[in-house]
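# Observations on the three-dimensional arrangement
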Amino acid sequence: MSATLSFFHARQKLLFLLASLYVILLTLSHWQLPSAHVWLIAGFFSVIMNFTYLTEALSLRQFVRIETLVATVLISLSLLGAFWWPPLVIAAIFGHGCWDIAKHLGAGVPFFSWYTLSCFGVDFLYSGSLLFYWMS
């Protein structure tokens, strides 16, 4: 990863802080807001999670096409799931987790292992929780 051009390389503490804040706000949103908003909350958080890797790809000017393609597909599924059929937002979140593991193994723009593995864990637990919620 090029230290001079990478957006997040010099901002790892900020990235950690924002990722932690993301998880806290996600949890608080589902805990505090009415259950009628579950899919809008899930869709919103699913959409914003897709900008991290895209930002890094644009700053490095590497893997922009693949990161844009993955983000576009996952954002589209998130929006369709939030407003039309909830399993699509579940699939988008799970798909993002799969992309995290692929990134950990070297796909797309290079990123920090601590982030990709943590993000996979959050995505896996969150999509599983939403699936359980949808099925009950």
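Below is a summary of the structure that appears in this document.

The rules behind these values
- Residues numbered from 1 in each chain as written.
- Predicted model: local features only at pLDDT ≥ 70, side-chain atom pairs only at ≥ 80, totals over all residues.
- Heavy atoms only, no water.
- Helix = DSSP H or I, 4+ residues; strand = E, 2+ residues; numbered from the N terminus.
- Buried < 20%, exposed > 50% of the residue type's maximum accessible area, 1.4 Å probe, protein only.
- Axes fitted to C-alpha atoms, helices over the stretch in contact; angles between N-to-C directions.
- Parallel < 35°, antiparallel > 145°, perpendicular 65-115°, else oblique.
- Contact = heavy atoms within 4.5 Å.
- Nonpolar A, V, L, I, M, F, W, Y, C, P; charged D, E, K, R; others polar.
- Expected span 1.5 Å × (residues − 1).
- Patch = residues over 30% accessible without salt bridge, like charges linked within 9 Å, V, L, I, M, F, W, Y side chains within 5 Å.
- Areas by Shrake-Rupley, 256 points an atom, 1.4 Å probe, with all protein chains shown as cover.
- Salt bridge = Lys/Arg side-chain N within 4 Å of Asp/Glu carboxyl O.
- 1 Å grid on protein atoms, 1.4 Å probe; cavity = no way out; pocket = protein on both sides within 12 Å on 5 of 7 lines; lining within 4 Å.
- Points joined across faces, edges and corners; volume = space filled by probe spheres on them.

Looking now at unusual backbone geometry. The backbone phi angle of Arg61 is positive, close to 60°, even though this residue is not glycine. Here Arg61 shows up in the loop between helix 3 (51-60) and helix 4 (64-83). Look at Arg61 and you get exposed, because its relative accessible area is 70%. In the Ramachandran plot, Phe63 falls in the positive-phi region, its phi being about 55° despite a non-glycine side chain. Structurally, Phe63 can be placed in the loop between helix 3 and helix 4. Take Phe63: its relative accessible area is 43%, and that puts it in the partly exposed class.

Glancing now at the packing of helix 1 (residues 12-32) against helix 6 (residues 113-135). Their axes nearest at 12 Å, the elements helix 1 and helix 6 cross at an angle of 10°. Classed by the angle they form, the pair helix 1 and helix 6 counts as roughly parallel. Residues Gln12, Leu15, Phe16, Ala19, Val23, Leu26 and His30 of helix 1 form the contact with helix 6, whose own contacting residues are Trp114, Tyr115, Val122, Tyr126 and Leu130. When the residues that make up the contact of helix 1 with helix 6 are grouped by side-chain class, the tally is 10 nonpolar, 2 polar and no charged.

Spacing of three or four residues puts side chains on the same side of an α-helix, whose turn is 3.6 residues. Compared with the 26 Å implied by 1.5 Å per residue over 18 residues, the 26 Å span of helix 5 (residues 87-104) between its first and last C-alpha is a close match. Taken together, the buried positions of helix 5 are Pro87, Leu88, Val89, Ile90, Ala92, Ile93, His96, Gly97, Trp99, Asp100 and Lys103. Immediately beyond the C-terminal end of helix 5, within one or two residues, lies Gly106, with a positive phi of roughly 115°.

Relative to the assigned elements, Ser78 resides in helix 4. Owing to a relative accessible area of 0%, Ser78 belongs among the buried residues under this scheme. In contact with Ser78, not counting residues within four places along its chain, are Gly43, Ser46, Val47, Val89 and Ala92.

This next bit is on a nonpolar patch on the surface. Together, Leu14, Leu17, Leu18, Leu21, Ile24, Leu25, Leu28 and Trp31 make up an exposed nonpolar region whose accessible area comes to about 790 Å². Mapping Leu14 onto the fold places it in helix 1.

Looking now at empty space enclosed by the protein. Counted by the stated rule, this structure contains 1 cavity of 30 Å³ or more. Forming the boundary of the largest cavity are Asn50, Tyr53, Leu54, Glu67, Val70, Ala71, His96 and Trp99. Within the lining of the largest cavity, the residues separate by chemical class into 5 nonpolar, 2 polar and 1 charged.

Below, the discussion takes up the pattern of salt bridges. This model, assessed by the stated rule, comprises 1 salt bridge. With a closest N to O distance of 2.6 Å, Lys103 and Glu67 form a salt bridge. Taken together, the positions of Lys103 in helix 5 and Glu67 in helix 4 put the pair 36 residues apart, joining distant regions of the chain. Across the pair, Glu67 and Lys103 agree in class, each one buried.

Coordinates in, geometry out; function isn't part of it.
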